[in-house]
Every structure is written in structure tokens, then in C-alpha cells.
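Notes for the structure review
Given next are the chains, with one letter for each unit.
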There are 2 protein chains.
Amino acid sequence: MTVKQLTLPELTQACASLGVPAVGLWREPVDAYGLEAAAKLVRDTGLAVTSLCRGGFLTATDPAERARALDDNRAAIDEAATLGTDTLVLVSGGLPAGSRDLAAARERIADALAVLAPYAGERGVRLAIEPLHPMYAADRCVVSTLDQALDLAERFPADQVGVVVDTYHIWWDDRAPAAVARAGASGRIHSFQLADWTTPLPAGALSGRGQLGDGAIDLREWRERVEATGWTGFIEVELFNDGLWARDGVEVLEETAGRFADEVF
Amino acid sequence: MTVKQLTLPELTQACASLGVPAVGLWREPVDAYGLEAAAKLVRDTGLAVTSLCRGGFLTATDPAERARALDDNRAAIDEAATLGTDTLVLVSGGLPAGSRDLAAARERIADALAVLAPYAGERGVRLAIEPLHPMYAADRCVVSTLDQALDLAERFPADQVGVVVDTYHIWWDDRAPAAVARAGASGRIHSFQLADWTTPLPAGALSGRGQLGDGAIDLREWRERVEATGWTGFIEVELFNDGLWARDGVEVLEETAGRFADEVF
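Residue numbers run consecutively from 1 along every chain, following the written order of its sequence. Throughout, the order in which chains and ligands are written sets their labels, letters from A for the former and numbers from 1 for the latter. Since the coordinates come from a predicted model, pLDDT governs what is reported: local features require at least 70, and pairs of side-chain atoms require 80 or more to be given and counted, while whole-chain, interface and lining totals use all residues. Excluded from the side-chain calculation are hydrogens and water; included are all heavy atoms of the structure.

The name that an unreviewed UniProt entry assigns to chain A is Sugar phosphate isomerase/epimerase family protein, with the source organism given as Streptomyces xantholiticus.

Dropping the structure here:
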């Protein structure tokens, strides 16, 4: 998504050229290219798929809507398995229209996970609950902190449900370092994503994630914190950024790889 | 600030007409009108002054800048005393340019409070640390949760330093209800402010606070939660909202008073 201006063949080729060993994929471009063809493309390029984004949106109260959401998440789990990734990222969903009950919405996520977790486990896919920044609590994700995500995940086996640690969403939280340790200790860090925090936020607050090094987050410290739990794995860089999207995608990928080397290590 | 389009005489007159018994003031319009004149105006109108906004911005590292901030906060404390309010709201300040150390910035706030708290206490003014929503952590306020605000406040006597409970900033936080109880138990709820959460956020994320009842926050539940601690006091409605500011101020005040009656009680 950092370089969504690239087609899948352009993306995989650029990753290979730059020595980027793995890539996180989103469902929409995979679907547009064709699931089997996309799986073959990344496999032939020798790229690992870090994760598939995204399932989730599990907070609806309407029974038909809930059934549709479960079906869609089962499909996403199947897609992840086909792509050869072990991780499906979940964005939990916001408050249903007219509702003001965050706690009940979080409980409905748990209800859905009880259905989806075994389905995922049977297919070798781990569900990764992503806490989103509290500014998205109403309309996108009622899971706002790493502790909240862990409170949900820990109801299920660690090889079925874990969390995403994304610096953009949790950097401000003085309890997040302890939550990272908690997640690491139980093997629940299923994805580790980086983006920097820059201001001012754009309208809608969705596409202002900063290039690594441009913002307020000590990315090196966060990497060290995650690795201190014994975690090893690929680190994803996920930048929703209008400025980056407007530029040449290969150039952005090259810049991002350079920042990754300079700012994270 | 909800009706900043009104002059101070228009505001006090409209409050009196609508039966609004108290008003929160901001320093800039008070200064523009004249401090002594403003104090006389609210006194003659029979209005209580709930609080003065705002002091703070205490996170600078540069010694000269820190000295200026302390001077400015002493002035704000004096102004609060002159206006006859017992509460000065503090917005703590963001990260200094180039810094990524939130913990150190929070510690510098404590250092400043050690100087300002006794000064305020001698003048009968309580400092109220306002946690702002985490989306402001980098550039406006490194104090993002009610617990963080209390961790700072509890280093000082409760009649010198407390907190602001503002629904807009803390509504998403599942730990905030316990923090409200914690604050209430030690007599540290020095201000209680309401605004609703509406989306999408405007660019800059500053002026999108929702009119009471328009958004995702259960305002009645928050009032009951605060009052359950034994708190009694005036409740402030503080809406930064471009749409409301563009309308007739008296009409907005009347609408807000109506919403207050319908949505909060």
C-alpha cells in the first residue's frame, strides 16, 4: 500500500531489484490481478508474503451484515493461505450507525473471532488484530490500544489470534511498551509495521502517515523494543501518504528502503 | 470558545438571557477586552467563571523558552485570580522540534509544575492538566490520557494541581472510567468539559468537535460517571467547530443549551 501506484508485477520486480525480500499485500489489488496469478507472481519472484490486509469489520449488530462479514473473513483467510502468508491483518470495525457502545462492539469482535479463529487455524493462517489510533475509534476500529487488542487475542490460542504492532497507531501510548512485552512473551506479535507520525493531519486523517524519519516516532527504539521480546520476523513499512502516492512508485520504494536502513537500524 | 464569534458583552448578555449561570473564558478575548473590564463585566452580569483557558506549553528544553513559559503561566494564574475563577486549564505542549522523547517531555511538565503549583496555590487558583486526544501528542500535548495527567497531578497537593475531564479527548479509552474514579476520589477533577466526537475529522484535526448529541459519545453516561465520584460543579461545553463558528452565535448558544438539557441529563 506504500506504493499502491505500482502494479503487482512492477511491485514484485522493484522489490527484487532493490533486495527487498518480502512484501505485504492488500486484497483489492490481489483480487484485481487474480488471486492465483498473484500467488504465482510473488512465488516466482522469490518474495515472501508478510501478511494480507485485511479482514475484520466485525462490529455490526445486524445479523445479515454479521453473516456477510464472517463470510468475507473466511474468504480472506482462504486468500491468505493461497498467497502463502501465515498472517491476515484484521481491522476490527467502528461503531455501528447510531451506537455509542464501544464495549459492546469490542465484545462482538470476540464473538466473531470465536468463529473465525479455528477456521484460520485449520488453514495455517494467524489472525492479527490491529489496534488503530484512537482517532479512528468511532468509524473504523474500536480497538484503540495494544492492550485492548491483547485482551481480545488472549481468549484464543496464540497460533490462531495475535496482534499487529504498528508504530503509527501506538507510539503515543506510555503503556504500549509493556504491552509489546506482554504480546511478545506469549508469541502474539504476528505483524510489526512501521510508519512515522507527521503533522498536520490531512482531512479525514487517513493518508498522512509519515515516511520513516520524517516524524515524531523513535523507530529504532520501537524495533529494539519488539526484538527484545525475542521476536524475529519481517518488518513491514505501511505508509498511507498522498505525497508518496503522487510520486514515482519505484523511487518511493527505493527511498523507503534507504530510510529503513538509516532510521530503523 | 464554543461561540467565539460573540464579543464578551454579547456572550455575557446571551448567557444571562438563556439562564446559563457560568462561563469558561479564554485569555485572548479577555486580554483584547481588557482584564479588569472583563472581570467587572462577568461579575456585574452575575455569571460565575468556570475556568480560564489556558496556560501550559511547558515542554520546551531551551532555558530562555522555559523561563518565558513560566512567566506566561504566572501571568495566566494572576489573570484567573482577577477574573474570579479558581481554575486555570493547562495544555501541556507537544514535543520540541526534533525531539522524539515523550517521557522526557512529560517530566519537564512536572518540573514546571513544581514551580507553578505553589504560586497558584497562594492565589487560590488550581491548575488543571488537560489530557488531549492522542492525535495531538506530537504537536500540542504530550499528556494523552487521564491516567498520565493524574500521574503528573498526584505529585502535588490536590488543591493546587488536578485534571480536566473532557469527553472529546478520553471517550475512546477503556481505562478512562477507572481514571475518573481515581481523580474523583482525590478531589482532582478541577474541570469537566463536554464535546461530541464526529467524523470525518477536518484537516489539522482541530476544529471538528461535535455539537452535543451529534456524535459517538454517550455524554449522559460520562456525566453520571463523573458525578458518581461525588463531584459537583459546573459542566463546560467546549466546541471547536467551524460549522458552529460560522453561524449566529446567540443561536448556537441557544442550541447548545438545548442539547445540554436533552443529551446530558
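That shown, we press on.
1. What about the overall build of chain A?
Basically, it comes down to this: Only DSSP runs of H or I with at least four residues qualify as helices, and only runs of E with at least two residues qualify as strands; both kinds are numbered from the N terminus onward. Throughout, the radius of gyration refers to the C-alpha atoms, and the reference size of a globule is 2.2 Å times the residue count to the power 0.38. Only protein chains enter the calculation, and the probe is 1.4 Å; a residue is then buried if its accessible area is under 20% of its type maximum, exposed if over 50%, and partly exposed in between.
The secondary structure content of chain A amounts to 11 helices and nine strands. Computed over its C-alpha atoms, the radius of gyration of chain A comes to 17 Å, within 12% of the 18 Å expected for a compact globule of 265 residues. Principal-axis analysis of the C-alpha atoms gives chain A an extent of 45 × 40 × 40 Å. Residue burial in chain A is summarised as follows: out of 265 residues, 54% are buried.

2. Side note on the interface of chain B and chain A
Often, the extent of an interface is quoted as the loss of accessible area upon association of its parts. Which entries qualify depends on this criterion: Whether two residues are in contact is decided by their heavy atoms: any pair within 4.5 Å suffices. For salt bridges, the criterion is a side-chain nitrogen of Lys or Arg within 4 Å of an Asp or Glu carboxyl oxygen. Contacts described as polar in this section are N or O atom pairs within 3.5 Å, which, within protein, must combine one atom able to donate a hydrogen with one able to accept it, while residues neighboring in sequence count only if both atoms come from side chains. Polar here means any residue other than Ala, Val, Leu, Ile, Met, Phe, Trp, Tyr, Cys and Pro, which are nonpolar, and Asp, Glu, Lys and Arg, which are charged; Gly is therefore polar.
At the junction of the two partners, chain B supplies 33 residues and chain A supplies 34 residues. At the junction of chain B with chain A, the criterion picks out three salt bridges. Notably, a salt bridge pairs A:Arg175 with B:Asp147, separated by 2.9 Å at the nearest N-O pair. For the pair chain B and chain A, the number of links is 13 residue pairs in polar contact (both at pLDDT 80 or more). Contributing elements (two or more residues each) for the side of chain B that touches chain A: helix 5 (102-122), helix 6 (146-153) and strand 7 (196-197) of chain B. Of the residues in the side of chain B that touches chain A, the class split is 16 nonpolar, eight polar and nine charged.

3. So, unusual backbone geometry
Omega for the peptide link from A:Thr199 to A:Pro200 comes to 0°, which places this bond in the cis form. By the element assignment, A:Pro200 lies in the loop between strand 7 (196-197) and strand 8 (209-210). At A:Ala205, a position not held by glycine, the phi torsion is positive, near 65°. Relative to the assigned elements, A:Ala205 resides in the loop between strand 7 and strand 8. Although it is not a glycine, B:Phe57 sits at a positive phi angle of roughly 55°. Mapped onto the secondary structure, B:Phe57 falls in the loop between strand 2 (48-56) and helix 4 (63-83). Residue classification places B:Phe57 among the partly exposed positions, given a relative accessible area of 35%.

4. Some words on the packing of aromatic side chains
Using the following cut-off: Note on ring pairs: Phe, Tyr and Trp rings are taken, using the six-membered ring of Trp, and paired if centres are within 6.5 Å. Classes follow the plane angle, with under 30 degrees stacked, over 60 edge-to-face and the rest tilted. Each ring is checked for a lysine NZ or an arginine CZ that lies within 6 Å of its centre and within 35 degrees of its normal; such an atom marks a charge sitting over the ring.
Inspection of every chain in the model, using the stated rule, returns 13 aromatic pairs over all chains. Centre to centre, the rings of B:Trp26 and B:Phe240 are 5.7 Å apart; their planes meet at 65°, and the pair counts as edge-to-face. With a gap of 214 residues between them, B:Trp26 in strand 1 (residues 22-26) and B:Phe240 in the loop between strand 9 (236-237) and helix 10 (242-245) connect regions that are remote in the sequence. Look at B:Phe240 and you get buried, because its relative accessible area is 12%. Each residue in the set A:Trp26, A:Phe240 and A:Trp245 is aromatic and connected to the rest through ring pairs, giving one cluster. Sitting above the plane of the A:Phe240 ring, A:Arg209 keeps its charged end 4.0 Å from the centroid. The ring centre of B:Trp245 lies 3.8 Å from the NZ or CZ of B:Lys4, which sits over that ring.

5. Looking at the relation of the copies chain B and chain A
Applicable threshold: A least-squares superposition brings the copies together, and it is based on the C-alpha atoms of residues with pLDDT no lower than 70 in both.
Take chain B, turn it by 180°, move it 0.0 Å along the axis, and it overlays chain A with an RMSD of 0.0 Å. Such a combination of turn and shift is consistent with a two-fold rotation axis. For chain B, the smallest separation between a C-alpha atom and the rotation axis is recorded for B:Ala203, amounting to 1.8 Å. Both copies share a contact surface, since 100% of the interface residues of chain B are interface residues in chain A too.

6. A look at the sheet that holds strand 3 (residues 87-91) of chain A
All names here are of chain A. Test applied: Strand pairing follows a simple DSSP-based rule, namely that at least 2 bridges must link the two strands.
Reading across the sheet, the seven strands line up as 1-2-3-4-5-6-9 and stay open at both edges, with parallel pairing between neighbours. Looking at which strands have only one partner, the edges of the open sheet turn out to be strand 1 (22-26) and strand 9 (236-237). Two elements, strand 4 (residues 126-129) and strand 5 (residues 161-166), share three bridges in a ladder whose sense is parallel. In the sheet register, Ala-128 faces strand 5, and the bridge partner there is Gly-162.

7. Brief notes about the side chain of B:Gln148
On the secondary structure map, B:Gln148 appears in helix 6. If we ignore the near neighbours within four places in the chain, the residues touching B:Gln148 are A:Trp172, A:Asp174, B:Arg106, B:Val142 and B:Val143.

8. Re helix 6 (residues 146-153) of chain A
Residues and elements named next belong to chain A. Helix 6 sits mainly inside the fold: seven of its eight residues count as buried. All buried positions along helix 6 are accounted for by Leu-146, Asp-147, Gln-148, Ala-149, Leu-150, Leu-152 and Ala-153. Looking at the buried side of helix 6, the elements it contacts are helix 5 (102-122), strand 4, strand 5, helix 7 (167-170) and helix 8 (176-185).

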